[in-house]
Every structure is written in structure tokens, then in C-alpha cells.
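Geometric and topological summary
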Amino acid sequence: MRPPGARGATLKDVADRVGVHPGTVSRALNPATQGMVNPDTVRRVQRAAKELAYRPNPMARGLKTSRSMTVGIIVPDITNPLFPPIVKGAEAVLTEAGYTCLIGNTDNDIDRERDVLEAFIGRQVDGLIVASAQLEDTVLARAAEGDRPLVLVNRRVEGARIPLVVGDDAGGMEMAVRHLAELGHTRIAHLAGPQFLSTGRARARAFRQSMHEFGLTVDPGLVLECATYSVEAGAAAAAALFDATDAASAPTAIACGNDQIAIGTCDVLRERGLRCPEDVSVVGYNDMPYVDKLAPPLTTIRVPHPLLGAEAARIMLRLLTGEDTATSVISLPVELVVRGSTAPPR
């Protein structure tokens, strides 16, 4: 048998080593078709492929299937710590199925989102997983009408029938308000995320509803919208909140739209000589990396971001194989993680 040499091993090399047809090797090495091959043969093929350092040629596979074997993943801000775990979760599932992922960043700019979409379509990606959606996103709404599968993750587009995977935003904010109410807080503020994003609007709506459910008054002066999901925007909103209140009207607890807003809030508390949680309790949202290392560690709502990405990728694979033509909507459970930034009011 010819050694692989510099040219690399081929399907035929692996087939000759195992003593089967090259088509059997192809099916055995493709997760989507492994079930068509005897399990013992699959193991022998995988062992031979490893010994020969065989690597599938996605371009060759694409010529046979009329696919590029690539999926575009679009995120709004690659520097935001919650999006890399979403990408990682999606990439793990897609890579196992033989797909390569292309990553695009929009910087929360709708024109940039359009440019990235057009670039991916120009590269003939087989599908698109998008985490950058805005509530009224005509760009994505039009893209969903095309012949390329589109799956949203973490955010939704209002009125569009697009497969979607999100965390339970309403349930998470209800947990945050319940936690603060059970500690004895009655003057609870909410620093909301941008209201042009589904996460910001859903969490703000859930905050108001949960306050009413627990018999607490929503003071309009204690509900502020942050311009972005960022530390800087959180600090600006927190400063405006305390500028507009005195000792009697100030909140004893703040439920934040995300962890970055919460970090900015804690910075302002320190600058103003207020202690967390002794003077003001703070709850974040997302449980992004390292918030457990803050001083004090941040109480927050944990969202399973890697699982969001993985579920979005699984929907994408079903759409690509024609197994799923329905508009799937998956809402994954979240959980409250209590740490040192919350305590009963003084």
C-alpha cells in the first residue's frame, strides 16, 4: 500500500487499510451518516484514519453535496465575555459534524451587520447563526426569507418567524427581584439594558411585573435605561440614579440588566462612599467569567451560554439536513447564583 507521504492520506488509503469501499469510509467518518455503517467498521475506519493522519477535504465534500461546509456566526460584540462561550458551544457541535465556522463581529451596528451578512453570503456559507439581532431588525428579517437557514441565539427579532434559542429572560429577572424582596428590600431600582434589544426589553418588563407580583411599588425614577450593555453605560446610569435621589428616596438594591452594568454600578457606589451590600445590594445578569472574583463577588443570574450556542447549532444541522422545517423556539432555564453583593437592607 502507498504510504500517505507528503500529499497526505486519501479516502482510498484509509479504505485500503481497512479493506472496505471508499464510500464506506466517507459514511463512517461523517457523524451524519455513521449510523448507516456497522459500529465495528466505524471504529476500524476511525482507527485507520488516525494512524494515517487522514484529514477530510471539505472542498471535495462540498463539490459532491453542493455545500461549502461552512456556517457563519455573527456576534454583536466579540469583546463582551458572554459571546465567546456561545460561539464555542456552536462551534463544537458544527465542527463535529464536519463544518467550519466563520465568525463576524458587528459592534452593535446595523450597517455593519448588513455588511457581514453580505460577506458571508458571498462566501457561500451554508447557514447563519446570529446573536446580534435587534428587536426591529429588517436586515435579518429579509435574510430569513432567503434560501439559507438562519437561526437566532440569545436575542429575537419582533414579528419574524426565525428559529430561536434564548435564555429565560423573564424567569431570570423574576428570580432576581424575588431574591431581593425576600431579603427585605422594598426600594429596588432597575438599570435596564437597551430597549431596542429583546433581552433589555424582556428583562425590564419582567422587573416591573415581578415587583407588582411581590406587592412592591415601581418608582419610575428608579428605572433607567442604559445606552449599551457596558461597564461605562452602567456607571453613567448609576450616577444619574444617585444624582436624582437623596438618602430617603435612594434605592437599597439594584437589579441590573447584565453583569457589565452591575460592575459599572459597583464602581459608582465605591466612588460615592457607599458599600455593597451594606448600603446597596446589587444583582447582575449572565454570570460572565470572573464576576465571582469581584469584591464583593457578584450575585447574578446564570445563563447557560455554551448550551445556547450548542442548541442553535443543532437546529442549524437539522435545517441543513431537512430534518426540521418548523420554526423552533427554545427557551433554556437560568438560575440565581447568590454571592456577596446582596444582603438584607440596613
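Structure's up top.
Residues numbered from 1 in each chain as written. Predicted model: local features only at pLDDT ≥ 70, side-chain atom pairs only at ≥ 80, totals over all residues. Heavy atoms only, no water.

**Here we look at the overall build of the protein chain**
The criterion, for reference: Comment: elements are numbered from the N terminus, with helices defined as DSSP H or I runs of at least four residues and strands as E runs of at least two. Think of it in three bands: with a 1.4 Å probe and only protein chains considered, a residue is buried below 20% of the maximum accessible area for its type, exposed above 50%, and partly exposed in between. Here, two residues are considered to be in contact whenever any of their heavy atoms come within 4.5 Å of each other.
Scanning the protein chain from N- to C-terminus turns up 12 helices and 12 strands. Overall, the protein chain is about 85 × 40 × 35 Å in size when its C-alpha atoms are taken along their principal axes. By the burial criterion, 51% of the 346 residues in the protein chain qualify as buried. Nonlocal contacts in the protein chain, meaning residues at least 24 apart in sequence, comprise 69% of its contacts between residues at least 6 apart.

**Notes on the pairing of strand S2 (residues 100-105)**
Keep this limit in mind: Strand pairing is defined by DSSP finding a minimum of two bridges between the two strands. Looking down the strands as they point away from the viewer, one classifies a crossover as right-handed if the path from the first strand across the helix to the second runs clockwise.
As paired strands, strand S1 (residues 70-75) and S2 are joined by six bridges and run parallel to one another. Paired with Thr70 across the two strands is Thr100, which belongs to S2. For the crossover from S1 across helix H5 (residues 83-96) to S2, the handedness is right-handed.

**Quick look at unusual backbone geometry**
With an omega of 10°, the peptide bond running from Cys276 to Pro277 counts as cis. Within the secondary structure, Pro277 sits in the loop between helix H11 (259-271) and strand S9 (281-283). Cis geometry is found at the peptide bond from Ala295 to Pro296, where omega equals 0°. Tracing the sequence through the fold places Pro296 in the loop between S9 and strand S10 (300-302). Despite not being glycine, Ala53 shows a phi value in the positive range, around 55°. With respect to the element layout, Ala53 can be found in the loop between helix H3 (39-51) and helix H4 (58-65). In this structure Ala53 comes out as exposed when scored by relative accessible area, which is 56%.

**Considerations on the packing of aromatic side chains**
Each pair of aromatic rings is reported with the distance of its centres and the angle of its planes. Selection rule: Stacked, tilted and edge-to-face are the three classes applied to pairs of Phe, Tyr and Trp rings, where Trp contributes its six-membered ring and a pair requires centres within 6.5 Å; stacked means planes under 30 degrees apart, edge-to-face means over 60, and tilted covers the rest. In this analysis the charged atom, NZ for Lys or CZ for Arg, is taken to sit over a ring once it is within 6 Å of the ring centre and within 35 degrees of the ring normal.
In total, this model carries zero aromatic pairs according to the counting rule given. Against the face of Tyr285 rests Arg203, its NZ or CZ located 3.8 Å from the ring centre.

**Quick word on the pairing of strand S5 (residues 164-167)**
Of the two faces of S5, the one lined by Leu164 and Val166 and the one lined by Val165 and Gly167 are each fully buried. Taken together, the two bridges between strand S4 (residues 150-153) and S5 define a ladder with parallel strand orientation. Counted as the bridge partner of Val153 is Val165 from S5.

**What to know about the sheet that holds S9**
We apply this condition: For helices, the axis comes from a line fit to the C-alpha atoms of the stretch in contact; other axes are also lines fit to C-alpha atoms, and the angle between any two N-to-C directions lies between 0 and 180 degrees.
Taking strand neighbours across the sheet as the criterion, the four strands line up as S7-S6-S8-S9 in an open arrangement whose pairing is parallel. Both outer strands of the open sheet, strand S7 (223-225) and S9, are each paired with one neighbouring strand and no more. For this sheet, the mean angle separating the axes of adjacent strands, direction not counted, is 15°. As paired elements, strand S6 (residues 188-192) and strand S8 (residues 253-256) share four bridges and run parallel to each other. Bridge pairing links Ala189 to Ile254 in S8. Across the sheet, helix H9 (residues 198-213) touches S6, S7 and S8, and the angle it forms with S6 is around 165°. Most of the contacts of helix H10 (residues 231-243) go to S6, to which it runs at about 145°, and overall it touches S6, S7 and S8.

**Notes on the packing of helix H8 (residues 169-183) against H9**
Worth spelling out the cut-off: In this scheme, roughly parallel covers angles under 35 degrees and roughly antiparallel covers those over 145, while 65 to 115 is roughly perpendicular and the rest are oblique. It is the rotation of the near helix from the far one that decides the hand of a crossing: anticlockwise by less than a right angle makes it left-handed, clockwise makes it right-handed. For this classification, the nonpolar set comprises Ala, Val, Leu, Ile, Met, Phe, Trp, Tyr, Cys and Pro, the charged set comprises Asp, Glu, Lys and Arg, and every other residue, Gly included, is treated as polar.
Where H8 contacts H9, the axes come no closer than 8 Å and their chain directions differ by 45°. Classified by the interaxial angle, the pair formed by H8 and H9 is oblique. Between H8 and H9 lies a crossing of right-handed hand. For the pair formed by H8 and H9, the contact residues are Asp169, Ala170, Met173, Glu174 and Val177 on the first element and Thr199, Ala202, Arg203, Ala206, Phe207, Ser210 and Met211 on the second. Split into classes, the residues belonging to the contact of H8 with H9 amount to seven nonpolar, two polar and three charged.

**A word on the nonpolar core**
Basically, it comes down to this: Residues belong to one nonpolar core when they are buried, are Ala, Val, Leu, Ile, Met, Phe, Trp, Tyr or Cys, and are joined through side-chain atoms within 4.5 Å.
Membership of the largest hydrophobic core comes to 47 residues, with the highest contact counts inside it found for Leu94, Tyr99, Ile129, Met173 and Phe207. Elements with a contribution of two residues or more to this core: S1, H5, S4, H8, H9, S8 and helix H12 (305-320). Top contributing element to this core by residue count: H12, with nine residues. Setting aside anything within four residues of it in sequence, one finds Tyr99 in contact with Arg67, Met69, Thr70, Val71, Leu94, Asp126, Leu317 and Leu320. Formed by 27 residues, the second largest nonpolar core is a distinct cluster that contains Leu197, Cys256, Val280 and Val282.

**Some details on H9**
For the record, the criterion: To estimate the expected span of a helix, count its residues, drop one, and scale the result by 1.5 Å.
In this model H9 runs 22 Å from its N-terminal to its C-terminal C-alpha over 16 residues, within 8% of the 22 Å that 1.5 Å per residue would give. Along its buried surface, H9 packs onto H8, S6, S7 and S8. Just downstream of H9 lies Gly215, where phi reads positive at about 75°.

**Some points on the packing of helix H2 (residues 22-29) against H3**
In contact at an axis separation of 9 Å, H2 and H3 are set at 90° when each is read in the N-to-C sense. In terms of axis orientation, H2 runs roughly perpendicular to H3. Contact residues: H2 offers Thr24, Val25, Ala28 and Leu29, while H3 offers Thr41, Val42, Val45, Gln46 and Ala49. A breakdown of the residues in the contact of H2 with H3 according to their chemical character gives six nonpolar, three polar and no charged.

**Considering the sheet that holds strand S3 (residues 127-130)**
Strand order in the open sheet formed by six strands is S2-S1-S3-S4-S5-S11, and the pairing between neighbours is parallel. Single-partner strands in this sheet number two, and they are S2 and strand S11 (329-332). If you compare each strand with its neighbour and ignore which way they point, the axes differ by 15° on average. Packed on one face of the sheet, H5 meets S1, S2, S3 and S4 and runs near 170° to S1.

These figures come from the coordinates and say nothing about function on their own.
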